[in-house]
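# Architecture at a glance
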Amino acid sequence: MRRIAIIGAGQAGLQLALGLQGADYDVTLHAERTSQEIRAGRVTSTQLMFGPALALERAAGLNLWDDRAPVMRGLEMRHWDPAEDGRPTRFTASYDGEVRSVDQRLKLAAWLDLFESRGGRVAYGSVEAGDAPAVVACHDLTVVAAGRGALSSLFGRDAARSVYDRPQRTLAAFYADGVTGRGDETDAYLRVSGAAAAGDAIALQALTVHGPCEILLVEAKFGGPYDCWADRPSPREGLRRAVELLRQYAPWEYERFARAEPTDDGAALYGAITPTVRHGVVPLGDGQYVLGMADAVAVNDPLTGQGANNAARAAAAYLDAILKREEQPFDERWMRTVFDDYWEQARHVHAFTDLMLRQPPAAHVVRILQAAHEHPEVAHRLANGYADPVGYRDWLMEPERAEAYLARFDGSR
């Protein structure tokens, strides 16, 4: 029986561990926290997941919340500059597939319990860079799926694939109860409200440890009015501050969140993410190598909601590659092939997110967004592309292709 170590018990690490366990591999999962500590901790993500990634969970038998997690039916986008006269621009589009968010405190704790209940071996505690050689020496393959901490620093930044060298936004996320619906279809939509000077306020439905809730994610432009979280306020104070900002920059959302309260004492998350692609394979010396996966080697800003989807895709791709390897060695060449094959899909996700973060926005992206307000076909295609950003390469990513696509609608303006 082949022995595999997985360092990191997030979406990718647990999904891979459970898949290998089901295929009768000897798996050791390194986790920093117990399931009880995860459930009682702070929120870690907005974990928005689209249909293709949810299908991967379902195929693995890990869709434990289908009867409870809200389904978002579409996308609403608004943009408004309070400094200028005029009404906010707005478009809506329905999703072709399901879109859900399940609090990672709920999901990861349940998956960790499931892994252990099936006889899985879990080594609790952090793994430092200096510990890696000892782990590798005891296993046929070691996969690092931890996107934070000293261990991820082993995987050096790939300058050729990384567009940014610093965060592009500051982030604040709040899980809230008591959000009031407007009584229309957008109550079940993912809602994005952009303000030129401030950034974006993104509202989505989710399932948290205590039941359904709403998440408010504030994507703040540096130096703007949304950039006000350096003091890391309590969930109650942070949500109150965010709601007051909505009063000015997204009043339609203020109406919904005016009486909202945090779901629990851990219902706030603050930070800033540098979008980074790292090298996928690290030599440790003496012929030892480790293979990186998901956030350990490729991390996005959450503006486009791709993190959990990337993790699910990575886990599925790595599981398939490991199973196909059978008894052949997990050598350096194989590791590099596995990462490169995964990157062929993931690079489109990163290119899309990098493009949407650009300031000032690319002229052709502005044109696409303007067209989405005027033409339902453009709005629908834009909204549903988030599920698999590979399709954006044909009409959104490059100015020439975007203009060729938009030319179809010139006669109907």
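Please read all numbers here as calculations on a predicted model, not as lab measurements.

### With respect to the packing of aromatic side chains
- Going through the model one piece at a time under the given rule, you end up with 17 aromatic pairs.
- For the ring pair W229 and Y270, a centre distance of 5.8 Å and an interplane angle of 25° mean the geometry is stacked. Of this pair, W229 sits in the loop between β12 (211-220) and α6 (235-249) while Y270 sits in strand β14 (residues 268-271), placing them 41 residues apart in sequence. You'll find W229 and Y270 in the same group, each marked buried.
- The cationic tip of R105 hangs over the ring face of Y175; the distance from NZ or CZ to the ring centre is 5.9 Å.
- Sitting over the face of the ring of Y405, R381 holds its NZ or CZ atom 4.9 Å from the ring centroid.

### Considerations on empty space enclosed by the protein
- Considering all chains together, one arrives at 2 cavities of 30 Å³ or more under this definition.
- By volume, the largest cavity is sized at about 110 Å³.
- Lining the largest cavity are 15 residues, and of these L54, E57, D66, R100 and V102 lie nearest its centre.
- Going through the elements one at a time, α3 (51-59) and β6 (99-101) are the ones with two or more residues in the lining of the largest cavity.
- Here the lining of the largest cavity gets 3 residues from one element, more than from any other, and that element is α3.
- The residue inventory of the lining of the largest cavity, partitioned by class, reads 7 nonpolar, 3 polar and 5 charged.
- In terms of lining residues, the second largest cavity is bounded by R161, S162, V163, Y164, P275, T276, V277, H350 and D354.
- Elements represented by at least two residues in the lining of the second largest cavity include exactly β15 (276-277) and α9 (332-357).
- Tallied by class, residues from the lining of the second largest cavity come to 4 nonpolar, 3 polar and 2 charged.

### What about the nonpolar core?
- Counting residues in each nonpolar core, the largest one holds 63 residues, and the members touching the most others are L16, L291, M293, Y318, I322 and W334.
- With 8 residues, helix α4 (residues 104-117) is the largest single contributor of residues to this core.
- Contact partners of L291, with chain neighbours within four places excluded, come to T142, V143, V144, F155, G280, V281, Y318, W334, M335, V338 and F339.

### As for the layout of surface pockets
- Taken as a whole, the second largest pocket spans an internal volume of roughly 1000 Å³.
- Forming the walls of the second largest pocket are 44 residues, and the residues nearest its centre are R78, H79, G194, D200 and L369.
- Elements with a contribution of two residues or more to the lining of the second largest pocket: β3 (48-50), β4 (74-80), β5 (89-94), β10 (189-195), β11 (199-208), α9 and α10 (363-374).
- Of the residues contributing to the lining of the second largest pocket, the split by class is 24 nonpolar, 11 polar and 9 charged.

### Focus on the pairing of strand β9 (residues 170-177)
- Most of β9 is tucked away, with 7 of its 8 residues classed as buried.
- Direction of pairing for β9 relative to β12: antiparallel, over a ladder of 7 bridges. Within β12, the position partnered with F174 by the bridge is L216.
- For β9 and β14, the ladder comprises 4 bridges, and the chain directions are antiparallel. In the strand pairing of β14, A173 is matched with L269.
- In terms of strand pairing, β9 meets strand β13 (residues 261-262) through 2 bridges, oriented antiparallel. Opposite A176, over in β13, you have P262 as the bridge partner.

### Observations regarding the environment of A230
- With respect to the helices, strands and loops of the structure, A230 is situated in the loop between β12 and α6.
- Between the C-alpha atom of A230 and that of G271, which follows or precedes it by 41 residues, the distance is 8.8 Å.

### A word on α6
- Here α6 is 15 residues long and its end C-alpha atoms lie 21 Å apart, about the 21 Å a rise of 1.5 Å per residue gives.
- Within the sequence span of α6, burial applies to P235, G238, L239, R241, A242, V243, L245, L246 and Y249.

### A short note on the sheet that holds strand β1 (residues 3-7)
- With mixed pairing, 6 strands are arranged side by side in an open sheet as β7-β2-β1-β8-β17-β16. In the strand order of this sheet, the two ends are held by β7 (121-124) and β16 (281-285), each with one partner. For this sheet, the mean angle separating the axes of adjacent strands, direction not counted, is 25°.
- Pairing of strand β2 (residues 26-31) with β7 involves 4 bridges; the strand directions are parallel. If you follow L29 over to β7, its bridge partner there is V122.
- Along the sheet, helix α1 (residues 11-22) contacts β1, β2 and β8 (141-144); its crossing angle with β2, the most-contacted strand, is approximately 160°.
- With respect to the sheet, α4 is in contact with β2 and β7, its orientation differing from that of β7 by roughly 125°.

### A closer look at the pattern of salt bridges
- Under the definition given, this model contains 33 salt bridges.
- D320 is paired through a salt bridge with K324; the nearest N and O atoms lie 3.1 Å apart. One end of the pair, D320, and the other, K324, are both in helix α8 (residues 307-325), 4 residues apart, so they sit about a helical turn from each other.
- By relative accessible area, which is 37% here, D320 ends up partly exposed.
- In this structure K324 comes out as exposed when scored by relative accessible area, which is 60%.
- Taking the shortest distance from any N to any O, the salt bridge between E403 and R367 comes out at 2.7 Å. Of this pair, E403 sits in helix α12 (residues 399-406) while R367 sits in helix α10, and the two are 36 residues apart along the sequence.
- The partly exposed category is assigned to E403, whose relative accessible area is 32%.
- Owing to a relative accessible area of 27%, R367 belongs among the partly exposed residues under this scheme.
- Each of the salt bridges in this network shares a partner with another, and the network as a whole consists of D184, D187, R191, E214, E253 and R256.

What counts, and where the lines are drawn
- Residues numbered from 1 in each chain as written.
- Predicted model: local features only at pLDDT ≥ 70, side-chain atom pairs only at ≥ 80, totals over all residues.
- Heavy atoms only, no water.
- Phe/Tyr/Trp six-rings, centres within 6.5 Å; stacked < 30°, edge-to-face > 60°.
- Helix = DSSP H or I, 4+ residues; strand = E, 2+ residues; numbered from the N terminus.
- Buried < 20%, exposed > 50% of the residue type's maximum accessible area, 1.4 Å probe, protein only.
- Lys NZ or Arg CZ within 6 Å of the ring centre and 35° of its normal.
- 1 Å grid on protein atoms, 1.4 Å probe; cavity = no way out; pocket = protein on both sides within 12 Å on 5 of 7 lines; lining within 4 Å.
- Points joined across faces, edges and corners; volume = space filled by probe spheres on them.
- Nonpolar A, V, L, I, M, F, W, Y, C, P; charged D, E, K, R; others polar.
- Core = buried A, V, L, I, M, F, W, Y, C linked by side-chain atoms within 4.5 Å.
- Contact = heavy atoms within 4.5 Å.
- Pairing = 2+ DSSP bridges.
- Expected span 1.5 Å × (residues − 1).
- Axes fitted to C-alpha atoms, helices over the stretch in contact; angles between N-to-C directions.
- Salt bridge = Lys/Arg side-chain N within 4 Å of Asp/Glu carboxyl O.

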